[in-house]
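# Secondary and tertiary structure notes
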Amino acid sequence: MPKGTSIGCCWPPVEVELIEPAVTGTVNVLKACSEAGVKRVVVVSSGAAVSMNPNWPKDKVMDEDCWSDEQYCKTTEVQLVKKLVKKEKKWR
């Protein structure tokens, strides 16, 4: 390896494989929403933050009030509780 060559922390490179596509995809969604006249968008880093709520009405649009149910996650042993609580606290 040539002198001065840095060794990344991960292979494949996290930035190229994960971060860039995520940022590009998010920007594309936000642009499309803007062009369509969408007034509000809620972005979460994981669908798990909002998808684990069996009591959320099926016909109701998910918005900033739709968080995964912490008790449901605990009783079904879903290991998303810490992430859920952290995300919800940041949002509020």
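## As for the overall build of the protein
Secondary structure summary: the protein contains four helices and zero strands in total. Going residue by residue from the N terminus, the α and β elements of the protein occur as α-α-α-α. Taken across its 92 residues, the protein has 16% of its residues classed as buried. Working note: accessible area of the protein is about 7600 Å², and carbon and sulfur atoms make up 57% of it.

## What about the environment of cysteine 66?
Structurally, the position occupied by cysteine 66 is in the loop between α2 (48-51) and α3 (70-75). Cysteine 66 gets classed as buried once you look at its relative accessible area, which sits at 0%. When residues no more than four places from it in sequence are discounted, the contact partners of cysteine 66 are Ala49, Val50 and Trp56.

Cut-offs and rules
- Residues numbered from 1 in each chain as written.
- Predicted model: local features only at pLDDT ≥ 70, side-chain atom pairs only at ≥ 80, totals over all residues.
- Heavy atoms only, no water.
- Helix = DSSP H or I, 4+ residues; strand = E, 2+ residues; numbered from the N terminus.
- Buried < 20%, exposed > 50% of the residue type's maximum accessible area, 1.4 Å probe, protein only.
- Areas by Shrake-Rupley, 256 points an atom, 1.4 Å probe, with all protein chains shown as cover.
- Contact = heavy atoms within 4.5 Å.

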